[in-house]
Amino acid sequence: MDKIPATLIIKNARQLVTLHGPGHIGPRGGAAMSDLAIIQNGAVAVRGSRIVAIGQTASLMRTVKASRHIRIIDASGLLVSPGLVDCHTHPVFAGNRATEFEMRIMGKTYLEIAHAGGGIKATVRATRRASENTLFQNGRQVLDEMLRWGVTTIEGKSGYGLSLNDELKMLRVLNRLNREHRIDVVPTFLGAHEIPDEYKNKADKYVGLVCGEMIPAVTKAGLAEFCDVFCEQGVFSLKQARLVLQTAQAFGMKLKIHADQIHPTGGAELAAEFRAVSADHLDNVSNEGIKLLKKAGVVPVLLPGSVYLLGLKKKAPARKMIRAGLPVAIATDFNPGSSPIHALPVAMSLACVEFKMTAAEALCAATLNAAYAISLGTRIGSLSPGKIADIVIWNAEDYREIPYWFGKNLVRQVIKNGRTARL
Ligand SMILES: [Zn+2]
């Protein structure tokens, strides 16, 4: 038998969490979320930027041919997993909202703060004033921190510009981050994130701008892969959200929705109607909504950081969704208002505590299922031969330690596209 040539081997891992399933395609739903396909004393071989083989160390070493410049990493006693995928973030903005954090502690609600001119609008004012270069530098610092926590791919949204030029500015920054940073960034257009001050009480008119000018300009410039909309009471109605999604779909964009976060608005049903790639938040999803998401193949993305930081009583019914067979994904929802959390492992801890997900489910939700939530499930998210070599080596013996050591960074080494990333 011909030996497989390799340029990098990570061997002797105490647990090699592969999430690989022979013949398994698609995200892992329901009980399959608990099956991490762990190889004890495992090894993974890489050639260039791709994974070429996985297996037990002894047998893998026999089947792999070392190239002249091969690098061998001994991961004895350690946990090795796929790179984490943060599939819902707002990483580009100026300023911060630490004062609102305190206002909420003192009893003001998220929507009350928004109506008083704070919230997303406060970040919009700061982001509009900031130069493209400042926004890039801010975004780079955010991504540096995410990488240190084991994240190798993110989805990043615009939505703090809310004018044609400022939205294009944000999307250019996201695209530049994708080109220049080690982390891959999937850009999402979120022009319908909030109604800007100059369109106060003229939401329909603003939706007209989003559909009539922004979506055509964004797609013409090729700056975004997804279109998203914040469907929520006091923000965009179901009818307005439908208009945005219809337009984006007609322009060939893939779809996401901020759905059923603070009130039950029928967002999940809308996501199913459009066969969106994901429906996000879902803290107030209906039983019918859960059924329709499953039927339409929409990935539910749950965001425990915003549940925790907003102190929301109503939380996404993760157990019900998993029982229904849905492939739940989780993300940080990193943003300066409701979830200033860079660390996906912290969001995994919160998913365990807030949503009663197991450590295995949380890891599946932050890797393979998260990859499917951004249409990259066939390229990343598991240690499968043929996939991109995005790998994390952890200072841990067991995958359960990732959510357990709350707030402690256990990442020892990150391999991105087959190369060690400087942390
Ligand atoms: Zn969000």
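Residues numbered from 1 in each chain as written. Predicted model: local features only at pLDDT ≥ 70, side-chain atom pairs only at ≥ 80, totals over all residues. Heavy atoms only, no water.

Turning our attention to the coordination of the zinc ion. Taken together, the protein ligands of the zinc ion are His88 (NE2), His90 (NE2), His258 (NE2) and Asp333 (OD), with distances of 2.1 to 2.6 Å. Coordination of the zinc ion draws on donor residues from a single chain, spaced H-x1-H-x167-H-x74-D in sequence. You'll find His88 and His90 in the same group, each marked buried. (Donors = N, O, S within 2.8 Å, 3.2 Å for Na, K, Ca; no water. Buried < 20%, exposed > 50% of the residue type's maximum accessible area, 1.4 Å probe, protein only.)

Before going further, it helps to examine the nonpolar core. What tends to happen in soluble globular proteins is that the nonpolar side chains get buried as a cluster. Membership of the largest hydrophobic core comes to 110 residues, with the highest contact counts inside it found for Phe189 and Met357. If one sorts the elements of this core by residue count, helix 7 (residues 203–220) sits on top with nine residues. With sequence-adjacent residues up to four places away left out, Met357 is seen in contact with Met33, Ala318, Arg319, Ile322, Val328, Ile330, Ala351, Cys352, Ala362 and Ala365. Ala329, Ala331, Ala370 and Tyr372 belong to the second largest nonpolar core, which has 19 residues in total. (Core = buried A, V, L, I, M, F, W, Y, C linked by side-chain atoms within 4.5 Å. Helix = DSSP H or I, 4+ residues; strand = E, 2+ residues; numbered from the N terminus. Contact = heavy atoms within 4.5 Å.)

On the surface, a cluster of nonpolar side chains totalling about 380 Å² of accessible area is made up of Phe101, Ile105 and Met106. If you trace the backbone, Met106 turns up in the loop between helix 2 (98–105) and helix 3 (110–115). (Patch = residues over 30% accessible without salt bridge, like charges linked within 9 Å, V, L, I, M, F, W, Y side chains within 5 Å. Areas by Shrake-Rupley, 256 points an atom, 1.4 Å probe, with all protein chains shown as cover. Salt bridge = Lys/Arg side-chain N within 4 Å of Asp/Glu carboxyl O.)

Here the focus is the pattern of salt bridges. In total, this model carries 20 salt bridges according to the counting rule given. The partner of Arg172 in a salt bridge is Glu132, and the shortest N-O contact between them spans 3.0 Å. A residue pair is termed long-range when its members are at least 10 positions apart, and Arg172 in helix 6 (residues 164–180) and Glu132 in helix 5 (residues 132–148) qualify at 40 residues. On the basis of relative accessible area, Arg172 is assigned to the partly exposed category, the value being 35%. In this structure Glu132 comes out as partly exposed when scored by relative accessible area, which is 32%. For Lys157, the salt bridge identified is with Glu155, shortest N-O distance 2.7 Å. For Glu155, a relative accessible area of 0% corresponds to the buried category. A single network of salt bridges, built from pairs that share partners, joins Arg128, Asp166, Lys169 and Glu198.

So, on to the side chain of His281. The topology assignment puts His281 in strand 11 (residues 278–281). When neighbours within four sequence positions are excluded, His281 is seen to be in contact with His88, His258, Ala259, Gln261, Val301, Leu302, Leu303, Ser306, Ala316 and Asp333.

For the rest of this paragraph, the subject is unusual backbone geometry. Although it is not a glycine, Leu19 adopts a positive phi angle of roughly 55°. Structurally, Leu19 can be placed in the loop between strand 1 (4–17) and strand 2 (38–47). With relative accessibility at 2%, the residue Leu19 sits in the buried group. The phi torsion at Asn201 lies on the positive side, around 60°, for a residue other than glycine. For Asn201, the location among the structural elements is in the loop between strand 8 (184–192) and helix 7. Assessed through its relative accessible area of 76%, Asn201 is described here as exposed.

Read these as spatial facts, not as claims about activity.
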